Amino acid sequence: MCGRNTENENANFCEYCGNSFRENGSAITDYNSGINQTTYNNQGVQEQDKEKPISFGNWLLSMLVPFIPFVGIFAYPVLLLVWAFSNDTPPSKKNWARASLIIILIGIVIFVIFFASAMSMIMNGDFAGYMKEFYNIEEFY
């Protein structure tokens, strides 16, 4: 209990912390439109619905997909998109897929910036200057 007093003597739960005022019985309250369900047991202790852990084999296969020859490089982003936005995917795998997609996008942006920079130097005829800068050498033959 949080120790606060309530004016409603018929209340079953504290309006501040949600703990039960009744010693026996259990209640289920629905917060965030059904996303999280909080259960209170007979002692008023809060219990959260627990997610079933994803198996080691599932994680291993998920991370080996990009290494499948010819197919993996195309299948991996598609699978990440499915895992990131599917309702059937466990929350931990969904968060991992979303983080992986963000990291891949950041890598693509960095690659495009460096590639565009290198191509502009090469197209401007300053290839020797580019190689000097890239390899940090004094002379380039």
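Located above this text is the structure these notes cover.
What comes next concerns the included structure. (Residues numbered from 1 in each chain as written. Predicted model: local features only at pLDDT ≥ 70, side-chain atom pairs only at ≥ 80, totals over all residues. Heavy atoms only, no water.)

### What about helix α2 (residues 72-85)?
Quick note on the threshold: Counting from the N terminus, the helices are the DSSP runs of H or I reaching at least four residues and the strands are the DSSP runs of E reaching at least two. For a helix, the expected span equals 1.5 Å multiplied by the residue count minus one. In this analysis, two residues are considered to be in contact whenever any of their non-hydrogen atoms come within 4.5 Å of each other.
In this model α2 runs 20 Å from its N-terminal to its C-terminal C-alpha over 14 residues, within 8% of the 20 Å that 1.5 Å per residue would give. Against the buried residues of α2 lie α1 (56-64) and α3 (91-123).

### With respect to the environment of T6
What counts, and what does not: Classification of residues uses two cut-offs on accessible area relative to the type maximum, computed with a 1.4 Å probe and protein chains only: under 20% is buried, over 50% is exposed, and between them is partly exposed.
As for its placement among the helices and strands, T6 is situated in the segment before β1 (27-31). With relative accessibility at 28%, the residue T6 sits in the partly exposed group. Put simply, T6 and Y16 are 10 residues apart on the chain and 9.1 Å apart in space, counted from C-alpha to C-alpha.

### Overview of the packing of aromatic side chains
Stated precisely, the cut-off is as follows: Centres within 6.5 Å make a pair out of two Phe, Tyr or Trp rings, where for Trp the six-membered ring is used; the pair is then stacked when the planes are under 30 degrees apart, edge-to-face when over 60, and tilted otherwise.
Scanning the entire structure with this criterion turns up 3 aromatic pairs. Ring centres of W83 and W96 lie 6.0 Å apart, and the angle between their planes is 40°; on these two criteria the pair is classed as tilted. With W83 in helix α2 and W96 in helix α3, this residue pair connects regions lying 13 residues apart in the sequence. Judged on exposure class, the residue W83 and its partner W96 are both buried. Taken together, the ring pairs connect W59, W83 and W96 into an aromatic cluster.

### A short note on a nonpolar patch on the surface
For clarity, the threshold we go by: Like charges are joined within 9 Å and nonpolar side chains (Val, Leu, Ile, Met, Phe, Trp, Tyr) within 5 Å, but only among residues with over 30% relative accessible area and no salt bridge; these make up the patches. Where accessible areas are quoted, they stem from the Shrake-Rupley method and a 1.4 Å probe; at the residue level, only the protein chains shown are allowed to cover. For salt bridges, the criterion is a side-chain nitrogen of Lys or Arg within 4 Å of an Asp or Glu carboxyl oxygen.
Taken together, the side chains of I104, L105, I108, F111, V112, F115, M119, I122 and M123 present a nonpolar region at the surface, about 870 Å² in accessible area. Position of M123 among the secondary structure elements: in helix α3. Looking at M123, the relative accessible area reads 68%, which means it is exposed.

### Section: the side chain of T89
Rules: We define a polar contact as two N or O atoms separated by no more than 3.5 Å, with the added condition that, inside protein, one atom must be a possible hydrogen donor and the other a possible acceptor, whereas residues neighbouring each other in sequence contribute only through side-chain atom pairs.
The residue T89 is located in the loop between α2 and α3 in this model. A distance of 3.4 Å separates a polar atom in the side chain of T89 from the backbone oxygen of W83. With residues up to four places along the chain from it excluded, the contact list for T89 reads V82, W83 and K94.

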